[in-house]
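Remarks on the overall topology
As a plain string of letters, each chain reads:
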Amino acid sequence: MEDEITASESGQRWDPAKVGAHWQQELERAQRYFKSWHDRCVKIEKIYLDQQADQTSAAKRRFPMLWANTSVMQPAVYARVPQPVVERRFKDAEPVARIASELVERNLAYIGDEADIDSIMRAVRDDFLLCARGTVWLRYEADFEPLDMGVQPSDPAAEALPGEMGGAQPEAISDERVCIDYVHWSDFLHSPARRWKDVTWVARRVPMTDEEMEKRFGPEAMASRAAEGSIGNKGASQAERLENEGKTHVWEIWCKSENYTVWIADGSPVALEVSEPPLDLTQFWPCPRPAYGTMSTSSLIPVPDYVYYQQQCDEIDLLTKRINKLTDQLRLKVFYPSGDGAVSPAIEKAMRPENDMVMVPIPEWAAFTDKGGSKAIVTLPIDEVQKVIVACMQARKQLIEDVYQITGISDIVRGDTQASETATAQRIKSQWGSIRIRDRQAELARFARDIIRLAGEIICDQFQPETLMLVSGIKLPSMAEKQQVQMQMQQMQMAAMRAQQMGQPAPPPPDMPPQLQQMMQQPTIDEVVQLLRNDSIRGFQIEIETDSTIEPDEDAEKQRRMEFVQMVGGFMQQAGAMAQQSPMLVPVMVETLLFAARGFRAGRQLESTLEQVGAQLSQAAAAPKPEPQPSPGEMLKLKTAEVKAGAEQRRAELSVAEAEIEHRATVEQARGEMAAQALQQIGGQQLQAQQPHYQ
């Protein structure tokens, strides 16, 4: 392949001529690889549609065994639309992963309805039962519209804008979708391999008109006559030739080993387009592993189930033809004498098949009675023919039973129950009645899951945030909206601080509306999209509901909701009493409730509310409790005690005041006595000093 990756004169990375020649050889090799299987499937399809020959005659009638078996198996292996389930890989409190899984699940449900996945799965089921292989192809489509730049055409800037941008007008995505295309078993090829993981390329054939080819590949593809020799009436039957009239079969090839895609017309030596894959998928392929029937480990060529009981069907058809021929012989054949004048015409008229009841006059009655009357008529015995027919029908019935044993339909028939049987007997019959078709059921369920996973991967990688929210109906704030609200709150806080610094009374803190509070608690769409885009940290896995494709149950969602409500109600009743006795256990109970709720799909919508209520309960339990309020009698006693205590306190204060007054009076009296004594002493000293002077 190295010689293909050479720059051509036009500057292309791959040479369309070399690539086209190489892939024509690869397609022919794959067609030779699947030729025996393809021819066998064509015959089986003709038998199923009863198109082999005109069956109006008894010699060409067939017993529709293949159609009958397929009709029984169809609802047994697939009966209803698969329901997508997107769950977090780890059931922890991660709001971004929870919202992301909810967004993807709702988008997948919408895509399944728009693509009519039910009809696609039924077509795959029919191919799976008839040809032992069925597949689909996924692709991403987007509609664009011109982006309004806000510039008037008369402005000079508007005239210079196209030149500055290389003449291309900017566009924006107006709508986008994931398309799921059914691929007929004859329109799908892949490289010969033993296992699916060893396949290096896959291809599907798409019929396209000239207008579609010109729109898809441009006028150059038609001008270069790359599709030369591929336009015309193709097909083995007249219906196929009419369907393909005026169309070109174009192969879309995805090569994993070379990491490119090729579009090439059937029979054309030049590739229409060679480019890098338009989708960056984990497994590279735009299709899931086909739904395979019976296969060996030596190749990926399946074996249709009809092959294993084809001989029995041929014998059944042979006996059916024999029974029909013998049934035609069950006719009343009469021998009567001729040449008796009016007697022979009268007998012939009476024995005509169209005459149910007839009265025939006989003119020569005497001659008729002389020859024996009614005894003159001799009939051909048919008892031996009847015995042979009964023996053939018994042999055919045994062959049909053999076919039922081979296909497993006998087990399905045994699974039928009666109203008089016990529940245990019915359950055992239902289990063993479908044991031989469980592999087929599991294979189609796996195939449906792979389709949904591929669609989910395309949604995560390609869908715009606006599309995700519009389809799912979930409105999330953007990072810019959250930052704007935070800036407004910060400005209000700064204004309050400035008012306090200037000595003015601070305004009361602003009350945030409930809508803004809820918005601030939600994750942003930017965080969700970042999680979806990052494959390494994508925190969810995509599954389908258990048995959702085989067991229709209209009350399943109601039952899940009732189970969730019963679980929450019972837990609340038991946890309430424990929380009153031991408030410290409230956080443990909250986490236990959330752990149980995350196990219910119906509880995912209430999970965020439960988390908020749980946080409030835990915070309330951790806060100190106020002292209990006393009763009216206790309040009266407390008031009386307070009055008594006040009176005692006032009495004590009065006693202290009286004691203080008495102490002060005693001190003043002692001071007066001390002062009088001092005056007496001073007066006595003065008298003693004056006596010698007078002497």
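Below you will find a few notes about this structure. (Residues numbered from 1 in each chain as written. Predicted model: local features only at pLDDT ≥ 70, side-chain atom pairs only at ≥ 80, totals over all residues. Heavy atoms only, no water.)

1. Remarks on the overall build of the chain
For the chain, the count of helices and strands is 24 helices and twelve strands. Of all 695 residues assigned to the chain, the portion counted as buried reaches 33%. Total accessible area computed for the chain in this model is approximately 43,100 Å², and 54% of it derives from carbon and sulfur atoms. (Helix = DSSP H or I, 4+ residues; strand = E, 2+ residues; numbered from the N terminus. Buried < 20%, exposed > 50% of the residue type's maximum accessible area, 1.4 Å probe, protein only. Areas by Shrake-Rupley, 256 points an atom, 1.4 Å probe, with all protein chains shown as cover.)

2. Description of the packing of helix H4 (residues 95-114) against helix H20 (residues 525-533)
For any two helices packed against each other, one specifies the crossing angle of their axes together with the interaxial distance. Relative orientation of the contacting elements H4 and H20 amounts to 75°, with a least axis distance of 9 Å. Judged by the angle between their axes, H4 and H20 are roughly perpendicular. The residues of H20 that touch H4, namely those facing Val-96, Ala-97, Ile-99, Ala-100, Leu-103 and Val-104, are Ile-525, Glu-527, Val-528, Leu-531 and Leu-532. Of the residues in the contact of H4 with H20, the class split is ten nonpolar, no polar and one charged. (Axes fitted to C-alpha atoms, helices over the stretch in contact; angles between N-to-C directions. Parallel < 35°, antiparallel > 145°, perpendicular 65-115°, else oblique. Contact = heavy atoms within 4.5 Å. Nonpolar A, V, L, I, M, F, W, Y, C, P; charged D, E, K, R; others polar.)

3. Topic: the pairing of strand E2 (residues 133-146)
Pairing geometry for E2 and strand E9 (residues 291-292), over two bridges, is antiparallel. Its bridge partner lying in E9, Arg-133 is registered against Tyr-292. One ladder, built from twelve bridges, connects E2 with strand E3 (residues 171-183); its direction is antiparallel. Note that in E3 the partner of Glu-141 across the bridge is Arg-177. (Pairing = 2+ DSSP bridges.)

4. Description of the packing of aromatic side chains
Note on aromatic pairs: each is described by the distance of the centres and the angle between the planes. Summed over all chains, the structure comprises eleven aromatic pairs. Here the aromatic rings of Phe-34 and Trp-37 are separated by 6.1 Å at their centres, their planes lie at 65°, and the arrangement is edge-to-face. Classification of Phe-34 by relative accessible area gives buried; the value is 3%. Through a chain of ring-to-ring contacts, three or more aromatic side chains come together here, namely Tyr-33, Phe-34, Trp-37 and Trp-185. Against the face of Phe-34 rests Arg-133, its NZ or CZ located 5.4 Å from the ring centre. One Lys or Arg, Arg-216, reaches over the ring of Trp-263 and ends 4.8 Å from the middle of that ring. (Phe/Tyr/Trp six-rings, centres within 6.5 Å; stacked < 30°, edge-to-face > 60°. Lys NZ or Arg CZ within 6 Å of the ring centre and 35° of its normal.)

5. Comments concerning the environment of Asp-181
Structurally, Asp-181 is set in strand E3. For Asp-181 and Asp-116, which are 65 residues apart along the polypeptide, the C-alpha to C-alpha distance reads 9.9 Å. Setting aside its immediate chain neighbours within four residues, Asp-181 contacts Val-136, Trp-137, Arg-139 and Arg-204. At 3.3 Å, the side chain of Asp-181 and the side chain of Arg-204 are in polar contact. (Polar contact = N/O pair within 3.5 Å; in protein donor to acceptor, adjacent residues only side chain to side chain.)

6. Observations regarding the nonpolar core
Counting 62 residues, the largest nonpolar core has Leu-138, Val-202 and Val-528 as the members making the most contacts within it. Considering each element in turn, this core owes the most residues, ten residues, to helix H16 (residues 438-462). Excluding residues within four positions of it along the chain, Val-202 makes contact with Trp-137, Phe-188, Leu-189, His-190, Trp-196, Glu-252, Ile-253, Trp-254, Trp-285, Pro-286 and Cys-287. One finds Trp-37, Ile-44, Val-274 and Ile-323 within the second-largest nonpolar core, a separate group that totals 39 residues. (Core = buried A, V, L, I, M, F, W, Y, C linked by side-chain atoms within 4.5 Å.)

7. Points about the side chain of Arg-125
Looking at where Arg-125 falls in the secondary structure, it is placed in helix H5 (residues 117-131). Accessibility expressed as a relative area gives 6% for Arg-125, which makes it buried. Among the polar contacts made by the side chain of Arg-125, one reaches the main-chain carbonyl oxygen of Tyr-78 at a distance of 3.2 Å. In contact with Arg-125, not counting residues within four places along its chain, are Gln-74, Pro-75, Val-77, Tyr-78 and Leu-444.

8. Considering helix H1 (residues 16-33)
Helix length check: H1 (18 residues) gives 25 Å between terminal C-alpha atoms against 26 Å at 1.5 Å per residue, within 8%. Buried residues of H1: Pro-16, Val-19, Gly-20, Trp-23, Gln-24, Glu-26, Leu-27 and Ala-30, and no others. For H1, the secondary structure elements touched by its buried residues are strand E4 (188-190), strand E5 (201-208), strand E6 (248-255), strand E7 (260-265) and strand E8 (273-275). (Expected span 1.5 Å × (residues − 1).)

9. As for the pattern of salt bridges
What the rule picks out here adds up to 22 salt bridges. Note that Glu-102 and Arg-106 form a salt bridge whose closest N and O atoms lie 2.9 Å from each other. Of the two residues, Glu-102 and Arg-106 both sit in helix H4, four residues apart, roughly one turn of that helix. (Salt bridge = Lys/Arg side-chain N within 4 Å of Asp/Glu carboxyl O.)

10. Focus on empty space enclosed by the protein
For the coordinates displayed, the defined rule picks out two cavities of 30 Å³ or more. If you add up the space inside the largest cavity, you get close to 130 Å³. Along the walls of the largest cavity sit Leu-66, Asn-69, Thr-70, Met-73, Leu-129, Asp-305, Tyr-306, Tyr-309, Thr-407 and Arg-440, which together make up its complete lining. Counting residues per element, the lining of the largest cavity draws most heavily on helix H3 (residues 65-77), which supplies four residues. Partitioned by chemical class, the residues of the lining of the largest cavity number five nonpolar, three polar and two charged. (1 Å grid on protein atoms, 1.4 Å probe; cavity = no way out; pocket = protein on both sides within 12 Å on 5 of 7 lines; lining within 4 Å. Points joined across faces, edges and corners; volume = space filled by probe spheres on them.)

11. Some points on the sheet that holds E5
Strand pairing within a sheet occurs via backbone hydrogen bonds; the two strands may be parallel or antiparallel. What the five strands build is an open sheet, ordered E4-E5-E6-E7-E8; its pairing is antiparallel. At either end of the open sheet lies a strand with only one pairing partner, and these are E4 and E8. Averaged over neighbouring strand pairs, the angle between their axes works out to 15° when direction is ignored. Judged from the three bridges that link them, E4 and E5 form a sheet pairing that is antiparallel.

12. Some details on the sheet that holds E2
Ordered in space as E3-E2-E9, the three strands form an open sheet in which the pairing is antiparallel. Looking at the sheet topology across the chains shown, the edges are occupied by E3 and E9.

13. Quick word on the pairing of E7
Here E7 lies mainly inside the structure; six of its six residues are buried. Residues Tyr-260, Val-262 and Ile-264 of E7 are buried on one face, and the alternating residues Thr-261, Trp-263 and Ala-265, pointing to the opposite face, are buried as well. Two strands pair when backbone bridges link them, and E6 and E7 are joined in this way by six bridges, in the antiparallel orientation. Bridge pairing links Trp-254 to Thr-261 in E7. Hairpin connection between E6 and E7: a loop of four residues separates the two successive antiparallel strands, and Asn-259 in this loop has a positive phi of roughly 60°. In this structure, E7 lies alongside E8, joined through three bridges in antiparallel fashion. For Thr-261, the partnering residue across the bridge sits in E8 and is Ser-275.

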